[in-house]
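Notes for the structure review
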Amino acid sequence: MISNTSDMPFGPGSVAERMHDIREAARVVSEGFSRAYMRECIDQHRFPQEIWETLGEYGLLGISIPEDLGGSGGGQVELVALMEALAEAGLVLPMLLLTGFARVPIIRHGTPEQIERFVKPTISGTEKLCFAITEPDAGTNSFAMSSLATREGDGYRLTGRKVFISGAADANRMLVVARTQKVGEVGRRTEGMSLFVVDTDAPGVQLQPLNIDVGWPERQYLVFFDEVRLDADRLIGLPGQGLAGMFEALNSERLLVTAMSVGLGNYALKKAVAYANERKPFGVPIGGYQALQHRLAEAKAELEAARLMMIQAAATFDAGGNAGAHANMAKLLGSRAAVKAVEAALQTHGGYGFDRDYDIITLWPSVRLMEIAPINNEMLLNYIGEHVLGLPKSY
Ligand SMILES: Cc1cc2nc3c(=O)[nH]c(=O)nc-3n(C[C@H](O)[C@H](O)[C@H](O)COP(=O)(O)OP(=O)(O)OC[C@H]3O[C@@H](n4cnc5c(N)ncnc54)[C@H](O)[C@@H]3O)c2cc1C
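Residues numbered from 1 in each chain as written. Predicted model: local features only at pLDDT ≥ 70, side-chain atom pairs only at ≥ 80, totals over all residues. Heavy atoms only, no water.

**Describing the overall build of the protein chain**
Note the following rule: Secondary structure elements follow DSSP: runs of H or I no shorter than four residues count as helices, runs of E no shorter than two count as strands, and numbering proceeds from the N terminus. Put simply, the radius of gyration uses C-alpha atoms, and a globule should come to 2.2 Å times the residue count raised to 0.38. Whether two residues are in contact is decided by their heavy atoms, any of which lying within 4.5 Å being enough. In short, Shrake-Rupley with a 1.4 Å probe defines the accessible areas, and a residue's cover is counted only from the protein chains shown. Neither His nor the chain ends is counted toward charge; the positive residues are Lys and Arg and the negative residues Asp and Glu. A charged residue contributes its charge at one atom only: NZ of Lys, CZ of Arg, CG of Asp or CD of Glu.
Along the backbone of the protein chain there are 11 helices and 8 strands. Relative to its length of 395 residues, the protein chain is compact, with a C-alpha radius of gyration of 21 Å against a globular reference of 21 Å. Its C-alpha atoms give the protein chain principal-axis dimensions of roughly 80 × 45 × 40 Å. In the protein chain, the proportion of contacts linking residues at least 24 apart, taken out of those at least 6 apart, comes to 73%. If you sum the accessible surface of the protein chain, you get close to 16600 Å²; carbon and sulfur atoms cover 52% of it. Each charge class in the protein chain was averaged separately, 37 positive and 47 negative side chains, and the resulting centres sit 4 Å apart.

**Quick look at the packing of aromatic side chains**
Test applied: Ring geometry is summarised as follows: Phe, Tyr and Trp rings, the Trp one being its six-membered ring, pair when their centres sit within 6.5 Å, and such pairs are stacked at plane angles under 30 degrees, edge-to-face over 60 and tilted between the two. Here's how the labels work: a residue is buried when its accessible area is under 20% of the maximum for its type, exposed when over 50%, partly exposed in between, all with a 1.4 Å probe on protein chains only.
Taken as a whole and assessed by the stated rule, the structure comprises 6 aromatic pairs. Seen in terms of ring centroids, Phe33 and Tyr37 are 5.3 Å apart; in terms of plane orientation they differ by 50 degrees. Their pairing is tilted. Centre to centre, the rings of Phe47 and Trp52 are 5.6 Å apart; their planes meet at 70 degrees, and the pair counts as edge-to-face. Like Phe47, the residue Trp52 is buried in the burial classification. Chaining the aromatic ring pairs together yields one cluster made of Tyr275, Tyr352 and Tyr358.

**Describing the UniProt feature "domain: Acyl-CoA dehydrogenase/oxidase C-terminal" (unreviewed entry) in the protein chain**
Our working definition: UniProt positions are given in the numbering used here, feature names are shortened, and annotations may be inferred rather than shown by experiment.
Mapped onto the present numbering, the UniProt feature "domain: Acyl-CoA dehydrogenase/oxidase C-terminal" (unreviewed entry) falls on residues 240–388. When the span residues 240–388 is considered, its composition is 73% helix and 0% strand, and the gap between its end C-alpha atoms is 27 Å.

**Describing the site of the ligand**
Keep this limit in mind: Put simply, a residue is near a molecule or strand once any heavy atom of it comes within 4 Å of that molecule or strand. Any N or O atom pair separated by 3.5 Å or less is treated as a polar contact, with the protein-specific requirement of one donor-capable and one acceptor-capable atom, and with residues adjacent in sequence counted only for side-chain atom pairs. Cavity means a closed set of points on a 1 Å grid over the protein atoms alone, one where a 1.4 Å probe fits but cannot get out, pocket means an open set with protein on both sides within 12 Å along at least 5 of 7 lines, and lining means a residue has an atom within 4 Å of a point. More than half of a molecule's atoms within 2 Å of the grid points is what it takes for that molecule to sit in a cavity or pocket. Charged means Asp, Glu, Lys or Arg here, nonpolar means Ala, Val, Leu, Ile, Met, Phe, Trp, Tyr, Cys or Pro, and polar covers whatever is left, Gly included. Note that the domain bounds reflect an automated or database-derived domain assignment.
If you check the shell around the ligand, you find 21 residues, and the closest are Ile133, Thr134, Thr140, Phe164 and Ser166. Contacts to the ligand include Ile133, whose backbone N or O atom sits 2.9 Å from an oxygen atom. Starting from 970 Å² of accessible surface for the ligand in isolation, the protein chains cover 71%. Among the cavities detected, the one that contains the ligand is the largest pocket. For the shell around the ligand, the elements supplying multiple residues, two or more each, are strand 1 (129–132), strand 3 (155–166) and helix 11 (377–388). Looking at side-chain class alone, the shell around the ligand contains 13 nonpolar, 7 polar and 1 charged residues. Composition of the shell around the ligand by domain shows at least three residues from each of domain 2 (130–241) and domain 3 (244–388).

**Quick look at the UniProt feature "domain: Acyl-CoA oxidase/dehydrogenase middle" (unreviewed entry) in the protein chain**
According to UniProt, the "domain: Acyl-CoA oxidase/dehydrogenase middle" (unreviewed entry) feature falls on residues 130–218. Span residues 130–218 is 0% helix and 44% strand, its end C-alpha atoms 11 Å apart.

**Side note on a nonpolar patch on the surface**
For the record, the criterion: Within this analysis, patches are made of residues with over 30% relative accessible area and no salt bridge. Like charges are joined at 9 Å or less; nonpolar side chains (Val, Leu, Ile, Met, Phe, Trp, Tyr) at 5 Å or less. For this document, the term salt bridge refers to a Lys or Arg side-chain nitrogen within 4 Å of an Asp or Glu carboxyl oxygen.
Taken together, the side chains of Phe282, Val284 and Tyr289 define a hydrophobic patch exposed on the protein surface, amounting to about 330 Å² of accessible area. A relative accessible area of 42% places Val284 in the partly exposed class.

**Remarks on the pairing of strand 3**
This is how it is decided: At least two bridges found by DSSP between two strands is the condition for calling them paired.
In terms of strand pairing, strand 2 (residues 148–152) meets strand 3 through 5 bridges, oriented antiparallel. Note on strand 3: the bridge partner recorded for Ala149 is Leu158. In this antiparallel pair of consecutive strands, strand 2 and strand 3, the connection spans 2 residues, and Gly153 shows a positive phi of 60 degrees. Of the pairings in the sheet, the one linking strand 3 to strand 7 (residues 220–230) comprises 8 bridges and is antiparallel in character. Its bridge partner lying in strand 7, Arg161 is registered against Phe224.

**So, the domain arrangement of the protein chain**
Inclusion rule: As a working definition, buried area equals the accessible area (1.4 Å probe) given up by two parts on being put together, with both sides summed.
Split into domains, the protein chain comes out as domain 1 (15–128), domain 2 (130–241) and domain 3 (244–388). Every contact between the two is made by 11 residues of domain 2 and, on the other side, 11 residues of domain 3. Taken as a group, Thr140, Val214 and Trp216 account for 45% of the area that domain 2 buries against domain 3, more than any other trio of residues on that side. Linking domain 2 with domain 3 are 0 salt bridges, by the criterion used here. Scanning the region where domain 2 abuts domain 3 turns up 2 residue pairs in polar contact (both at pLDDT 80 or more). The class makeup of the residues in the side of domain 2 that touches domain 3 is 8 nonpolar, 2 polar and 1 charged.

Put into structure tokens, the structure is as follows:
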């Protein structure tokens, strides 16, 4: 199946070469960890520490961190290649996504000391990062958030609540988006947002697990910040000007979610094709029926379209360009294509598709989720309508 880069222009430093090398490394790692191992972690909500450590040993957790900072170099292109290749093997690693994109604003806007302290330990895998922006009342409307960090001496005190925070109990620190000015105190709602690095076990931080099961090893948490003391070095960038860093992180997140969607979609398709070539209720393989074959083919075409858009956006991101529109479009297309692929795989498997041992229905929550989180597709369409097409804001 096409999901490598052999069909793209290949040469020294080309995107195809950058992805190829990472895919090779990911293949070696994934050979050591079965989907059964992953399912066990998912079913028990146990962090897949063994894969994490192996990724660290291979230097794969250092991807997207410049070599002069102790990382493995590369950028979003390499990171999406890794995420996609692991998902294609059925290995679902949201923590890779979370740590991967939460580091972006720290590297771009943090001081050398902050990078040393908050980013470096993630390269070996000794520390992990999660990300907290969503609030119970604000939901999709992040600018309506009320978590507030008020100045205290040379630092801050953070009070508020975040919800759905993935992996908060597994991570050592979380990148928190909070207001340092209330909505009423700023001219525009986009102002007054700041980024903080908060230890997940800091005094005043409380984690309450939610009863959510989306086929990820990590749980989601309601996180309470009760007057959490933050030293000055916990603020990334300038106070009240966290918007740029926030969107850099979110664009990276969208690309990584696309990579996970495309990888899982291809994982489902591969299983469906194998089954469709074997299953013969009327004496011939069901894969020969156009009703099924076209459904699988359509899903494949849409996965590839999303993948190419993702690669384009990742390359733009790495070159310092504005990847926003293509990152949003890639996430929209990728999440839809993954749902389509799992749907087609489910249809192909008939009744067996609902048997968890066939590992098709088990993929459903994780791919369907990606149409809703980290940002729902309606908001992406709103963005395209307003910012790409120039239509009036619709909400
Ligand atoms: C498993 C899981 C993991 C998550 N992990 C994290 C995490 O690690 N960190 C974090 O900060 N957050 C996380 N989230 C939160 C996630 O990003 C939010 O759930 C998502 O942004 C939507 O917010 P909401 O659930 O409050 O939906 P709401 O804002 O209540 O929206 C509900 C629905 O209304 C529609 N809608 C809303 N606004 C609009 C609009 N303007 N135009 C058109 N339609 C609209 C959409 O269909 C949307 O699905 C996670 C969520 C889940 C379920």
